[in-house]
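Topology and contacts: notes
One letter stands for each residue in the lines below.
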Amino acid sequence: MVLKIDLSALKANYRALSGLASGARAAGVVKANGYGLDAATVSAALAEAGAQDFFVALASEAPAVRSAVGGKARIFVLSGHMSGADPGDAIPVLNSPEQYFRDRATRPGRPFAIQLDSGMNRLGFEPDEWAALKAEILSAGPELVMSHLACADEPDHPMNARQLGAFRAMTDGIGVPRSLSATGGILLGAEYHFDLVRPGIGLYGGLPFADALPVVSLSLPVVQTREVQPGESVGYSNSWTASHATRVATVAAGYADGIHRTLSSDGARPRIYLYAGDVACPLIGRVSMDLITADISALSDVPDALDLISAAQPVDAVADAMGTIGYEVLTSLGQRYERIAQ
Ligand SMILES: *Cc1c(COP(=O)(O)O)cnc(C)c1O
């Protein structure tokens, strides 16, 4: 089971997104173990491509990034400073008055950033909380004041302009670097860019960055093959039955590896394919914990491995079939794959 990570494509995506960001600095968002690809590996590559700022979700994710990027880079912790989770040498993005006072009491003089809620109602100071503490907080010299867009993957959504207006109303003239946009916001245009942009998914080849180069490919070993006769069934619950003689490959990966059980075929109708090059082999029957089965009748030779994610079937095609988004496919991939970065 080999999860290949194309670091030159990752770096090219970083440079492309930085180039779109109209002079703003581009950070690298490497939370959730670098979107499942290995935080240390992707952080080191992004640093080589020029990233000096990194974002993780939790303080516990920061040390792996630190050891990959060296002492100078800034590592921001999006969950801020929770009780019992000292951010160490990372920079907490403080999300509430409670976090601000906790952080200043325990880390006086150390760098911090602020998140404001511009309408998403997930993290950040409410406008009235910010108004009450703004002068005090600004005099303490935050590294960054940021917010996050709820609908940036829908360019025509009126929420984008509403959040932009709310963010500007809270931050115009503060004299502190500002950040609003992740991948989707970068694509909305210059007024959304401010001083720092925070791309994640676009770096890893996912939508909404349609021009991204693919970064991930996933190749799964064939364990055995067999000839199944008409009327015989394959896998749990007999959910797939051969209507004609079929060559079936059993492949070593399953729902424990992030291949959701919802990718099981719907009777005879496949929901997803395994690829041998550009030849599509339908996944048939149920996805089991560690195994899946595919109809390889179209192949003249039995390959050693079949691809679930490749140029023929990119991450977002797999996501569509699972009824989810590329982010969830990548972060579900699991620990059993050998991750090979090249
Ligand atoms: C995850 C996240 C990002 C990166 O978002 P993408 O859509 O993956 O580019 C940026 N900022 C915040 C606050 C996030 O939570």
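Owing to the predicted nature of the structure, the values given are computational and were not obtained by experimental measurement.

Under the present numbering, the feature "binding site: substrate" (unreviewed entry) in UniProt falls on Arg 122 and Met 289. The largest pairwise C-alpha distance within this set of annotated residues, which runs over 168 residues, is 33.8 Å, so the set is dispersed in three dimensions. Of the annotated positions mentioned, Arg 122 line the largest cavity. Relative to the helices and strands, Arg 122 resides in the loop between strand E7 (113-115) and helix H6 (127-139). Look at Arg 122 and you get exposed, because its relative accessible area is 56%. If we ignore the near neighbours within four places in the chain, the residues touching Arg 122 are Asp 117 and His 148. Mapped onto the elements of the fold, Met 289 is located in the loop between strand E16 (279-284) and strand E17 (292-295). The residues contacting Met 289, other than those within four sequence positions of it, are Gly 254, Tyr 255, Ala 256, Asp 257 and Arg 336.

The domains assigned to the protein chain are domain 1 (7-204) and domain 2 (216-341). Spacing between the C-alpha centres of domain 1 and domain 2 amounts to 37 Å. Buried surface at the junction of domain 1 and domain 2, both sides included, amounts to about 760 Å², of which 73% is carbon and sulfur. Broken down residue by residue, the surface that domain 1 buries against domain 2 is led by Tyr 35, Leu 37 and Ile 201, which jointly contribute 54%.

So, on to the nonpolar core. Most often, soluble globular proteins have nonpolar side chains that are buried together. By size, the foremost hydrophobic cluster in this structure holds 78 residues, and its most contacted members are Phe 55, Tyr 204, Leu 220 and Leu 306. The biggest single contributor to this core is helix H1 (residues 7-20), with 5 residues. There are two domains that each give this core at least three residues, and those are domain 1 (7-204) and domain 2 (216-341). With residues near it in sequence (within four places) discarded, Phe 55 still touches Ala 27, Gly 28, Val 29, Val 30, Lys 31, Phe 76, Leu 78, Val 93, Leu 144, Met 146, Leu 196 and Arg 198. Grouped together as the second largest cluster of nonpolar side chains are 21 residues, Leu 94, Tyr 100, Trp 130 and Val 145 included.

This part is about the layout of surface pockets. Considering only enclosed or pocket space, the largest pocket measures out at about 710 Å³ in volume. Taken together, 34 residues form the lining of the largest pocket, with His 148, Leu 149, Ala 182, Ile 201 and Tyr 327 sitting closest to its centre. Secondary-structure elements contributing two or more residues to the lining of the largest pocket are helix H2 (31-35), helix H8 (183-186), helix H9 (315-322) and helix H10 (326-331). In terms of residue class, the lining of the largest pocket is built from 19 nonpolar, 9 polar and 6 charged. Both of domain 1 (7-204) and domain 2 (216-341) provide at least three residues apiece to the lining of the largest pocket. The volume enclosed by the second largest pocket comes to roughly 180 Å³.

What follows is about the pattern of salt bridges. The final tally for this structure, using the stated rule, is 15 salt bridges. A salt bridge links Glu 48 to Lys 11, with the nearest nitrogen and oxygen atoms 2.6 Å apart. Pair noted here: Glu 48 is in helix H3 (residues 39-48) and Lys 11 is in helix H1, with a separation of 37 residues, a long-range link. Assessed through its relative accessible area of 61%, Glu 48 is described here as exposed. Of the charged contacts, one joins Arg 336 and Asp 290 as a salt bridge, the two residues approaching to 2.9 Å between their closest N and O atoms. Within this pair, whereas Arg 336 is found in the loop between H10 and strand E19 (338-341), its partner Asp 290 is found in the loop between E16 and E17, the two being separated by 46 residues in sequence. The class for Arg 336 is partly exposed, based on a relative accessible area of 43%.

The subject of this paragraph is empty space enclosed by the protein. As enumerated under the stated definition, the model contains 1 cavity of 30 Å³ or more in all. Of the pockets and cavities examined, the largest cavity occupies roughly 50 Å³. Around the largest cavity, the lining residues are Gln 115, Leu 116, Asp 117, Ser 118, Met 120, Arg 122, Leu 123, Ser 147, His 148 and Gln 163. For the lining of the largest cavity, a count of residues per class yields 3 nonpolar, 5 polar and 2 charged.

Our next topic: the site of the ligand. The full set close to the ligand counts 14 residues, and Lys 31, Tyr 35, Thr 183, Ile 201 and Tyr 327 are the nearest of them. Contact between the ligand and Gly 200: an oxygen atom at 2.8 Å from a main-chain N or O atom of the residue. Within the complex, 91% of the 390 Å² of free accessible area of the ligand lies under protein. When atoms are counted within 2 Å of each cavity's grid points, the one that captures over half of the ligand is the largest pocket. Split by residue class, the shell around the ligand holds 8 nonpolar, 3 polar and 3 charged.

On to the environment of Ile 174. Among the structural elements, Ile 174 can be located in the loop between helix H7 (158-171) and strand E9 (178-179). According to the relative accessible area criterion, Ile 174 is buried, its value standing at 13%. Separated by 40 residues in the primary sequence, Ile 174 and Lys 134 have C-alpha atoms spaced 9.2 Å apart. Discounting chain neighbours no more than four positions away, the residues touching Ile 174 are Lys 134, Leu 138 and Val 145.

What counts and how
Residues numbered from 1 in each chain as written. Predicted model: local features only at pLDDT ≥ 70, side-chain atom pairs only at ≥ 80, totals over all residues. Heavy atoms only, no water. UniProt positions renumbered as here; feature names shortened; annotations may be inferred. 1 Å grid on protein atoms, 1.4 Å probe; cavity = no way out; pocket = protein on both sides within 12 Å on 5 of 7 lines; lining within 4 Å. Helix = DSSP H or I, 4+ residues; strand = E, 2+ residues; numbered from the N terminus. Buried < 20%, exposed > 50% of the residue type's maximum accessible area, 1.4 Å probe, protein only. Contact = heavy atoms within 4.5 Å. Domains from an automatic or database assignment. Buried area = accessible area lost by both parts, 1.4 Å probe. Core = buried A, V, L, I, M, F, W, Y, C linked by side-chain atoms within 4.5 Å. Points joined across faces, edges and corners; volume = space filled by probe spheres on them. Nonpolar A, V, L, I, M, F, W, Y, C, P; charged D, E, K, R; others polar. Salt bridge = Lys/Arg side-chain N within 4 Å of Asp/Glu carboxyl O. Near = heavy atom within 4 Å. Polar contact = N/O pair within 3.5 Å; in protein donor to acceptor, adjacent residues only side chain to side chain. Areas by Shrake-Rupley, 256 points an atom, 1.4 Å probe, with all protein chains shown as cover. Sits in = over half its atoms within 2 Å of the grid points.

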